[in-house]
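Architecture and fold: a report
Take a look at the letters that make up each chain.
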Amino acid sequence: MQFPNGRRFAFTILDDTDDATFENVVPVYDRLREYGFRTTKTVWPLDCPEGSQEYFAAETLQRPEYLSYVQQLVADGFELASHGATMEPSKRERTLRGFEFLDRHFDTKLQLYANHGENRENVYWGVERFRTPLFRWLVRAVDRDRRNGHYCGEVEGSEFFWGDVCRERFRYVRNFTFTSLNALSFNPEMPYAVSSTPYVQNWFSTSDAPTPEVFRRRITRSAIDRLEAEGGICILSTHFGKRGYVSNGRLDPGVDEILRYIAAKPGWFVPVSEILDHLSAQRPNRSIGRFALARLELRFLMDQIFERLHLRG
Ligand SMILES: [Zn+2]
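Residues numbered from 1 in each chain as written. Predicted model: local features only at pLDDT ≥ 70, side-chain atom pairs only at ≥ 80, totals over all residues. Heavy atoms only, no water.

Moving on: the overall build of the protein. Each helix and strand in the protein was counted, giving eleven helices and ten strands. For 313 residues, the compact-globule estimate of 2.2 N^0.38 gives 20 Å, and the protein sits close to it at 19 Å. Oriented by its inertia axes, the alpha-carbon framework of the protein measures out at about 50 × 45 × 45 Å. Per-residue burial over the protein gives 56% buried out of 313 residues. For the protein, the exposed area adds up to about 14,000 Å²; of that, 51% sits on carbon and sulfur atoms. (Helix = DSSP H or I, 4+ residues; strand = E, 2+ residues; numbered from the N terminus. Rg over C-alpha atoms; globule rule 2.2 N^0.38 Å. Buried < 20%, exposed > 50% of the residue type's maximum accessible area, 1.4 Å probe, protein only. Areas by Shrake-Rupley, 256 points an atom, 1.4 Å probe, with all protein chains shown as cover.)

So, in C-alpha cells, the structure goes:
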C-alpha cells in the first residue's frame, strides 16, 4: 500500500459520540490537533427530549459552546460524521431534521455514518449485519438480544426508514470492528459494496477500543511499531466521552503518551473518509464476492468469541 508524501502507515480515529460532552472532549481534541492528527468525530445534532437511560450523560450540538467548538474542529481539518440524530431511536422525521440542522450549521458535506447502540433506525443491523445464511442462522440462534425486526432503517414502509437518504448522503458506513489494528489484514477489500444491502454505498471495518482501558491495552508502542513495519492502516473506533479518557480537564497521561509516540512517526494521520477515498481510488471495483464476505463475517464472529473468552479469563 502506497501512502501520500512517503508516509509509511496510516492511523486515524473514529470517535463515537456516546457520553461526549463539551467538557470531556475539549482536552482530547486540543491534544489531537496539537499533535497533528486530523481524525473523525461523530455528533448528535438534536436533543433527546424523551430521555435516555444509557446515554443521558452525552451532550448534543444544541449546546452552543459545543457546536462552535465542533465547527472550529471542522475548520481545522477534522471530519464531521453522523451517529444518527440523537442518542435514542429516531423516526424518519427526526432523522431528516438532524441532517437539516447539520446542513445549516456546517459547510461540509458528511461522508460517513456509523450505526449507534440499539437505535431502531440503524441500517442493516442486528442479524442483518450478516449476509451469509449460516451466520444469520447462528446469530439468530445464539443472540436473543438481536430481536428480529427491531432495526429497520432500511425497511421501506417502517416509520424508522431512511435508507434512501443514507444511500444518497453517505459514501461510507461502518459495520464490523476487530481487535487487531491493521485493517488491511482483516478486511483488505474495504471499502466494499454488497449487492444485497443497496441502501449502503460502501461498508468499512475498524479496529475497536471502546473504552480508555482497552485503548491502553491495544494501542501500545509495540503494536504501533508493528503497524508501521507492516505499512498498515488503523482506523480505531472509540468513545472519547467515556469516563477515564479525561479527568479534571486533562487527557489520561497514558493515552497522551502513546498519541505523542504515534505522532512522531512518519504516519498518515488524516480523517477516516480520506483514507477510505485513498483505498477506493486504488481499487475502483468495490463489490465484494460472497466468499470474501463470508470470510470477513467469520473473522468478526471468531474475534467476538475470543474477546469474550479473554475478558472472562
Ligand atoms: Zn454509539
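As a further point, take the coordination of the zinc ion. Donor atoms from the polypeptide that bind the zinc ion are D18 (OD), D18 (OD), H83 (NE2) and H116 (ND1), placed at 2.1 to 2.6 Å. Between the four donor atoms coordinating the zinc ion, the angles at the centre fall across 53 to 145°, so the site counts as irregular. When the donors of the zinc ion are listed by position in the chain, the intervening gaps give D-x64-H-x32-H. You can see D18 sitting in the loop between β1 (9-15) and α1 (22-35) and its partner H116 sitting in the loop between β4 (112-114) and α4 (133-142), a full 98 residues away along the chain. By relative accessible area, which is 6% here, D18 ends up buried. On the basis of relative accessibility, which here comes to 1%, the residue H116 falls in the buried class. (Donors = N, O, S within 2.8 Å, 3.2 Å for Na, K, Ca; no water. Tetrahedral: all angles 85-135°; square planar, octahedral: opposite > 155°, others 65-115°.)

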